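# Residue-level structural notes
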Amino acid sequence: NKAIGATIWKIRLDGSDIQQLTRGADDRRPTWSDDGRKIYFQRKPLTGSSWDMYAMDADGKNPEPILRTYEEDETFPVRRGDSNAFIVSESASGVPARLKSINAVTKAGEYLTDGLSGQESSPSVSPDGKIIAFLAPVSPDRPEPLGIWLVQLEP
């Protein structure tokens, strides 16, 4: 049996012009570039492996990896303004997900949080690029309820 993966679609607000943008993998959590020319998303091949960060043109053409790793999952990719930095939720086997800033050119990264609150996900960058909002458990002892957390970034 072949696993069925999620695909990314685009549709107008009035329900017309529906377009399937991705095929052949498990593609999730798309976000737009500031200029609307690119879509960033996470991809996992249907044969397994880990979640990786990808980018494609807004019409679904030219999907390319931003970062591919084999032991970590990079999920919820969002670009930090017009910089080369992406904010992701990164996790590995047995380690809770925490926020990481990754340079798309050099592939260097640094953790922005310590992960002590538990699984951190769904980062969103403020328009000025100085604050990240994300979801994480309110208490490290329980996975629910989730709270919205903020982290201030260095300029």
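Now for a quick tour of the structure.

### Here's the deal with the packing of aromatic side chains
The relative placement of two aromatic rings is captured by the distance of their centres and the angle of their planes. Under the definition given, this model contains 2 aromatic pairs. Ring geometry for Tyr40 against Phe86: centres 4.9 Å apart, planes inclined by 85 degrees, an arrangement best described as edge-to-face. You can see Tyr40 sitting in strand E4 (residues 38-45) and its partner Phe86 sitting in strand E8 (residues 85-92), a full 46 residues away along the chain. Residue classification places Tyr40 among the buried residues on the basis of a relative accessible area of 3%. In this structure, Arg98 packs its charged tip against the face of Tyr111, placed 3.4 Å from the ring centre.

### Describing the environment of Gly5
Relative to the helices and strands, Gly5 is located in the segment before strand E1 (9-10). Spatially, the C-alpha atoms of Gly5 and Gln42 are 12 Å apart, while their sequence positions differ by 37 residues. Gly5 has contacts with Ala25, Asp26 and Leu46, leaving out every residue within four places of it along the chain.

### Quick word on unusual backbone geometry
Its identity as a non-glycine residue notwithstanding, Arg29 has a phi of 50 degrees, on the positive side. Here Arg29 lies in strand E3 (residues 25-32). Under the relative-accessibility criterion, Arg29 is labelled partly exposed at 37%. The phi dihedral of Phe76 falls on the positive side, at around 55 degrees, and the residue is not glycine.

### Re the environment of Glu64
Within the secondary structure layout, Glu64 lies in strand E6 (residues 64-67). Remark: the alpha-carbon pair of Glu64 and Tyr54, spanning 10 residues in sequence, is separated by 5.5 Å. Setting aside residues up to four positions removed in sequence, Glu64 forms contacts with Met53, Tyr54 and Ala55.

### Describing the pairing of strand E5 (residues 52-57)
Of all the 6 residues making up E5, 6 are buried; the element is thus mostly covered by neighbouring parts of the structure. A two-sided burial pattern is seen for E5, the buried positions comprising Asp52, Tyr54 and Met56 on one face and Met53, Ala55 and Asp57 on the other. Two elements, E4 and E5, share 6 bridges in a ladder whose sense is antiparallel. Residue pairing in the sheet places Phe41 in a bridge with Tyr54 of E5. The loop that links E4 with its antiparallel partner E5 comprises 6 residues; one of these, Gly48, has a positive phi angle of about 120 degrees. With 3 bridges joining them, E5 and E6 adopt antiparallel strand pairing. Counterpart to Tyr54 in the pairing with E6 is Pro65. The antiparallel pairing of E5 with E6 creates a hairpin that spans 6 residues between the two strands, and Gly60 there sits at a positive phi of about 90 degrees.

Calculation criteria
- Residues numbered from 1 in each chain as written.
- Predicted model: local features only at pLDDT ≥ 70, side-chain atom pairs only at ≥ 80, totals over all residues.
- Heavy atoms only, no water.
- Phe/Tyr/Trp six-rings, centres within 6.5 Å; stacked < 30°, edge-to-face > 60°.
- Helix = DSSP H or I, 4+ residues; strand = E, 2+ residues; numbered from the N terminus.
- Buried < 20%, exposed > 50% of the residue type's maximum accessible area, 1.4 Å probe, protein only.
- Lys NZ or Arg CZ within 6 Å of the ring centre and 35° of its normal.
- Contact = heavy atoms within 4.5 Å.
- Pairing = 2+ DSSP bridges.

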